[in-house]
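Notes for the structure review
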Amino acid sequence: MTKYFRLSGIMILVIASLFSTAQVHGRALSAKNRTSIRCAQEKMRILAEFFDVNLSNDKKVYELPAECGGGRTQQITMPKWFGDELTRMNANKVVYIPNEGTYSEVDLWRQAFSNVYLFLDRADKSLDPSQPIVLDQLSRGYVGNRINLMATLDRLNKDLLRGKQLLVMKDSMEGRARSMLSTLELINSEFFSTIESFSSPISQREDKYRQSVMAVVVLANHLFAQFRGTAIPAFPADPKIYRTTRADRASSLFMILLGSALAGLAVYLLLENKRESISAMIENYQQKSSAWAEDFNRQFLTIDVKYIVFGTIGIFAVFGLILGLLTGGFTGVFIFLLMVLLGGVLGVRMPLAVLDTLKKSRGRKVNAQLMDALILLSNSLRSGMDIVQGFEMVSRDLLPPIADEFGLVVKNDQLGTPFEKALDGLTERVESRMLSYIVKAIIIQRQVGGNLTVIFSRLVENIREESKLEEKLQAMTAQQKIQSIVVSIMPFVMMLVMFIFNPEQMISFYTSPLGMFVFIFCIIWIGIGMKILKKMGEVRV
């Protein structure tokens, strides 16, 4: 009895497993679905044979069964236009595979149709109740179909360069290849959906399998219709459209001249309306230029301010001209005018910036020589000389710029300028905090008396301590300074590297309006970042 129950249980398990296996593999597809699959399979076979170069064209005549032709048998012949196209495509050797040989464009298309045919054949056999179905074998078969189709599509979508001629396989078959490749891409996607249906929940597995297989059937029928349909028209541009007559060119030139004249008149009227304010601005700037020229002379430099202004404008104009020529068109003219305007704004402010830079540089050099000057002044006072003679000794024994500055004080004193007034001129010319302390000490000593030797000795000690502190601060803030330099340089280094590897794309981007805006925007924010990092590293002593 126990043996009987054991055998019954084994039989029930076997029947259940067979039933579940059958349900897993799409037995729910109807007979009508199977007919559709066979019709699509037959169309793929016909397409593959159309691409058979070993078969003569007059023998490529086929019949679709009545169930595939709307109730009547349909005769299918190879299109007349395809004969010459087949010969041309067969001559295009596009890929070489080791151990297999060289494949032409025709071979690749046949492989694509054959993969779709094999997929549909496998789907049709999965519906045959007389054939056993194994899940692993069916799934592996579908995976192989998809891999082969993916490889074929990748080769067909790849453009090849033959000498100086570009071979675009998507333009084959009078343009039909583009739409057919798109359909094959969709078929490849449905191949994946079919494979994915095997891992779906059991309740959804049959429905997903049926939907994906029938989607491939619909797309295969569409692929067949695309091949037999009309060609995609390619209308070349008519040269007459771009042809201009002498009257057209004359009218265009007249409109350009008229527009330029009106624009010039508008600018003239605007300037005429603002004549008084513009004259006042020019007169004010001339006064500033005279003051700047005098300040440059005080720095022992003879510089004409107009060279700085117009030199800056010229540099920006040349840079704008290069960018404008690279960009071309109205945008190039706008860029050139914008760079000239920017150069004018910066050129007006440039003399003051140059003067401030020179003053700070000269002040740092004077600070570095102050200790030697104070020691020399202190020794001269100890030896019985007065302060003027001490200044004369410094101007004679030390190097510029402090020798020039102290010598100018001595010359002013010899020409009748009060010594205190000459010292005030020294503090105006040189930006140095310690030098201003020395001048104030000398002036106070000459007014109320005192021991300058002791004062100079203390100032020497203060300068030494301050120098040590500044060196320590420079060492502590070196990281911030290096970071500011790296922040300012690295974007331009990366841009240079990208220019080296891909110059055409970089030039096309940075000569476009968007590229110009991005470049200017980045420069502004890089400058802000440098300023912030510089302020973080500044410590006033």
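The structure displayed is predicted, hence computed values, not measured ones.

1. Focus on the overall build of the chain
Looking only at helices and strands, the chain features 19 helices and six strands. Split into buried and exposed, the 541 residues of the chain put 34% on the buried side. Put simply, the chain shows about 33,900 Å² of open surface, and 62% of that area lies on carbon and sulfur atoms.

2. Some points on the pattern of salt bridges
Scanning all chains against the criterion turns up 11 salt bridges. Here Asp-207 ties to Arg-210 by a salt bridge, and the two come within 2.9 Å at their closest N and O atoms. With Asp-207 and Arg-210 both in helix 7 (residues 202-228) and three residues apart, this pair spans about one turn of that helix. A cluster of three or more residues bridged by salt bridges with shared partners is formed by Arg-34, Arg-38 and Asp-124.

3. Points about a positive patch on the surface
There is a patch of like positive charges on the surface, built from Lys-360, Arg-364, Lys-365, Lys-531 and Lys-534. Ranked by the residues each element gives to the positive patch, the list is headed by helix 11 (residues 329-382), at three residues. Inspection of the secondary structure puts Lys-534 in helix 19 (residues 513-536).

4. As for the packing of aromatic side chains
One pass over the structure, following the stated rule, counts 18 aromatic pairs. Its guanidinium or amino end placed over the ring of Trp-81, Arg-176 lies 3.8 Å from that ring's centre, counting from NZ or CZ.

5. What about the side chain of Thr-152?
On the secondary structure map, Thr-152 appears in helix 5 (residues 135-156). Leave out the neighbours within four places in its chain, and Thr-152 touches Leu-108, Gln-111, Ala-112 and Asn-115.

6. Description of the confidence of the model for the chain
Caution is warranted with low-pLDDT regions, since their predicted coordinates should not be read in detail. On average, residues of the chain score 78 in pLDDT, and 88% of them are at 70 or above. pLDDT under 50 marks residues 1-28. Its contacts with residues more than four places away, or in other chains, come to 21 contacts.

7. A word on helix 5
With 22 residues, helix 5 extends 32 Å from end C-alpha to end C-alpha; this agrees with the ideal 32 Å at 1.5 Å per step. Among all positions of helix 5, only Leu-138, Ser-139, Gly-141, Tyr-142, Asn-145, Leu-149, Thr-152, Leu-153 and Leu-156 are buried. Each buried residue of helix 5 lies within a common arc of 155° when the element is viewed along its axis, so the set occupies one face. In helix 5, the exposed positions that point more than 90 degrees away from the buried face belong to Gln-137, Arg-140 and Ile-147. In this structure, the buried side of helix 5 is in contact with helix 4 (105-125), helix 6 (176-197) and helix 7.

8. Details of the environment of Gln-479
Along the polypeptide, Gln-479 turns up in helix 17 (residues 478-501). A relative accessible area of 53% places Gln-479 in the exposed class. Here the alpha-carbon distance between Gln-479 and Leu-533, two residues 54 residues apart in the chain, equals 9.9 Å.

9. Description of the packing of helix 13 (residues 402-414) against helix 14 (residues 419-429)
Running from N to C, helix 13 and helix 14 cross one another at 150°; their axes reach a closest spacing of 9 Å. On the basis of their axis angle, the class for helix 13 and helix 14 is roughly antiparallel. Helix-helix and strand crossings are classified by hand; for helix 13 and helix 14 the assignment is right-handed. Between helix 13, through Glu-405, Phe-406, Leu-408, Val-409, Asn-412 and Asp-413, and helix 14, the contact on the second element is made entirely by Phe-419, Ala-422, Leu-423, Leu-426 and Arg-429. Classifying every residue of the contact of helix 13 with helix 14 by side-chain character gives seven nonpolar, one polar and three charged.

10. Quick notes on the pairing of strand 3 (residues 93-97)
Alignment of strand 3 against strand 4 (residues 101-104), held across four bridges, turns out to be antiparallel. Looking at the pairing, Lys-93 lines up with Ser-104 of strand 4. The antiparallel pairing of strand 3 with strand 4 creates a hairpin that spans three residues between the two strands, and Asn-99 there sits at a positive phi of about 70°.

11. A closer look at the side chain of Asn-145
Along the chain, the position of Asn-145 falls in helix 5. In this structure Asn-145 touches Asn-115, Leu-118, Phe-119, Arg-122 and Phe-191, once residues within four positions along its chain are discounted.

12. Remarks on unusual backbone geometry
Cis geometry is adopted by the peptide bond preceding Pro-401, which originates at Pro-400 and carries an omega value of 10°. Summarising the element assignment, Pro-401 is placed in the loop between helix 12 (387-397) and helix 13. Even without being glycine, Met-173 reaches a positive phi, approximately 55°. By secondary structure assignment, the location of Met-173 is in the loop between strand 6 (165-167) and helix 6.

13. Let's talk about the nonpolar core
Formed by 58 residues in total, the largest nonpolar core has its most connected members in Phe-50, Phe-51, Trp-109 and Leu-120. Within the residue set of this core, elements represented by two or more residues are helix 2 (31-50), strand 1 (61-64), helix 3 (82-91), strand 3, helix 4, helix 5, helix 6 and helix 7. Of all the elements, helix 7 adds the most residues to this core, at 10 residues. In this structure Phe-51 touches Phe-82, Leu-86, Met-89, Val-106, Trp-109, Arg-110, Phe-113, Met-173 and Phe-227, once residues within four positions along its chain are discounted. Of all hydrophobic cores here, the second largest spans 32 residues; its members include Leu-377, Met-393, Phe-419 and Ile-442.

Rules of the game
- Within every chain, residues take consecutive numbers counted from 1 along the sequence as written.
- Local features in a predicted model are, by the rule used here, given only for residues with pLDDT of at least 70; side-chain atom pairs are given and counted only at 80 or more, and totals for whole chains, interfaces and linings are based on all residues.
- The side-chain numbers reported here are obtained from all heavy atoms of the structure, hydrogens and water having been left aside.
- Put simply, DSSP H or I for four residues or longer makes a helix, DSSP E for two residues or longer makes a strand, and each gets a number counted from the N terminus.
- The buried label goes to any residue with under 20% of its type's maximum accessible area, the exposed label to any with over 50%, and the partly exposed label to all in between, with areas taken from a 1.4 Å probe on protein chains only.
- Residue exposure ignores everything except the shown protein chains as possible cover, and the areas themselves are Shrake-Rupley values with a 1.4 Å probe.
- Salt bridges are defined by distance alone: a side-chain nitrogen of Lys or Arg within 4 Å of a carboxyl oxygen of Asp or Glu.
- In this scheme, patches are assembled from residues that exceed 30% relative accessible area and form no salt bridge. Like charges are connected within 9 Å, while nonpolar side chains (Val, Leu, Ile, Met, Phe, Trp, Tyr) are connected within 5 Å.
- Positive charges come from Lys and Arg, negative ones from Asp and Glu, while His and the chain ends are left out of the count.
- To locate a charge, take atom NZ for lysine, CZ for arginine, CG for aspartate or CD for glutamate.
- Any pair of Phe, Tyr and Trp rings, taking the six-membered ring for Trp, is counted once the centres come within 6.5 Å. Such a pair is stacked with planes under 30 degrees apart, edge-to-face with planes over 60 apart, and tilted for the rest.
- As a reminder, the over-ring test applies to NZ of lysine and CZ of arginine, requiring each to be within 6 Å of the ring centre and within 35 degrees of the ring normal.
- The contact criterion used is simple: two residues touch if any of their non-hydrogen atoms lie within 4.5 Å.
- How sure the predictor is of each residue is captured by pLDDT, a score from 0 to 100.
- Here a helix's expected span is defined as the number of its residues, less one, multiplied by 1.5 Å.
- Directions from the helix axis toward the C-beta atoms define the arc.
- Geometry is summarised by axes, namely lines fitted to C-alpha atoms with helices restricted to the contacting stretch, and by angles between N-to-C directions that run from 0 to 180 degrees.
- Angular relationships are summarised with four words: roughly parallel below 35 degrees, roughly antiparallel beyond 145, roughly perpendicular across 65 to 115, and oblique for the angles in between.
- The sense of a crossing depends on the near helix, which, turned anticlockwise from the far helix by less than a right angle, makes the crossing left-handed and, turned clockwise, makes it right-handed.
- Charged means Asp, Glu, Lys or Arg here, nonpolar means Ala, Val, Leu, Ile, Met, Phe, Trp, Tyr, Cys or Pro, and polar covers whatever is left, Gly included.
- Strand pairing is assigned whenever DSSP detects at least two bridges linking the two strands.
- What is meant by a nonpolar core is a set of buried Ala, Val, Leu, Ile, Met, Phe, Trp, Tyr and Cys residues, joined one to another through side-chain atoms within 4.5 Å.

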